[in-house]
Amino acid sequence: MHAALEQAADAAAEGEVPVGAVAVLAGEIIGRGNNRVIRDSDPTAHAEVVAMREAARHLGNYRLTGCTLYVTLEPCAMCAGAILHARIARLVYAAADPKAGACGSVLSVLNHPLLNHRVEVSQGVLEVEAAAMLRSFFRERRLRSLHPSTHE
């Protein structure tokens, strides 16, 4: 999760919402990602998707069987769907997302009884650090919008 937090910090430094993800197989990071939606003009460039794309290229396979995905924020519905399609074995996320989380907070996309793939889910790992990074980012964004001339 520390590597995912580093990815989140990289996203924040680029003006993106600070979410980071890493895909791990057999103890090795095989994919890293951070939010890139603004930089790439791509609504699908969430940290999870970026990390899974890199992991799939690394393995030469879109199936990420046996992989654990570490994410600093609970995945949204799009990312949860991608996690299922990639056959990620385990998801570990730091902070819950009460506005768009799709792993239990708002929706429960993962482990729906009618789906044929199950993902082991753990939450709250380094939650305090991830949540603090998000709060700080949005606090700064609000300050900039209220006082644009003091932040130029």
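In this report, the structure presented in the accompanying data block is examined. (Residues numbered from 1 in each chain as written. Predicted model: local features only at pLDDT ≥ 70, side-chain atom pairs only at ≥ 80, totals over all residues. Heavy atoms only, no water.)

1. Some details on the sheet that holds strand β1 (residues 20–25)
Part 1: Pairing within the open sheet is mixed, and its five strands lie in the order β2-β1-β3-β4-β5. Taken across any chain shown, the strands that pair with only one partner, and hence form the sheet edges, are β2 (28–34) and β5 (120–123). Direction aside, the axes of adjacent strands within the sheet are offset by 15 degrees on average.
Part 2: In this fold helix α3 (residues 47–59) packs onto β1, β2 and β3 (68–73), with an angle of close to 140 degrees to the strand it touches most, β2.
Part 3: Contacting β3 and β4 (90–95), helix α5 (residues 127–146) runs over the sheet at an angle of about 55 degrees to β4. (Pairing = 2+ DSSP bridges. Helix = DSSP H or I, 4+ residues; strand = E, 2+ residues; numbered from the N terminus. Axes fitted to C-alpha atoms, helices over the stretch in contact; angles between N-to-C directions. Contact = heavy atoms within 4.5 Å.)

2. Section: the packing of helix α1 (residues 2–13) against α5
Part 1: Direction vectors running N to C along α1 and α5 enclose 5 degrees, while the axes themselves pass 11 Å from each other. Judged by the inter-axis angle, α1 sits roughly parallel to α5. Facing Leu5, Ala8, Ala9 and Ala12 of α1, the residues of α5 in contact are Glu129, Ala130, Met133 and Phe137.
Part 2: Looking at the contact of α1 with α5, its residues break down into seven nonpolar, no polar and one charged. (Parallel < 35°, antiparallel > 145°, perpendicular 65-115°, else oblique. Nonpolar A, V, L, I, M, F, W, Y, C, P; charged D, E, K, R; others polar.)

3. Some thoughts on the pattern of salt bridges
Part 1: Within this structure, the stated rule accounts for five salt bridges.
Part 2: With a shortest N-O distance of 3.3 Å, Glu16 and Arg39 are connected by a salt bridge. Remark: Arg39 occurs in helix α2 (residues 37–40) and Glu16 occurs in the loop between α1 and β1; sequence separation between them is 23 residues.
Part 3: A relative accessible area of 1% places Glu16 in the buried class.
Part 4: Using a relative accessible area of 29% as the deciding quantity, one classes Arg39 as partly exposed.
Part 5: Put simply, Asp42 and Arg53 hold a salt bridge, and the shortest N to O gap is 3.8 Å. Linking Asp42 in the loop between α2 and α3 with Arg53 in helix α3, this pair joins segments that are 11 residues apart in sequence. (Salt bridge = Lys/Arg side-chain N within 4 Å of Asp/Glu carboxyl O. Buried < 20%, exposed > 50% of the residue type's maximum accessible area, 1.4 Å probe, protein only.)

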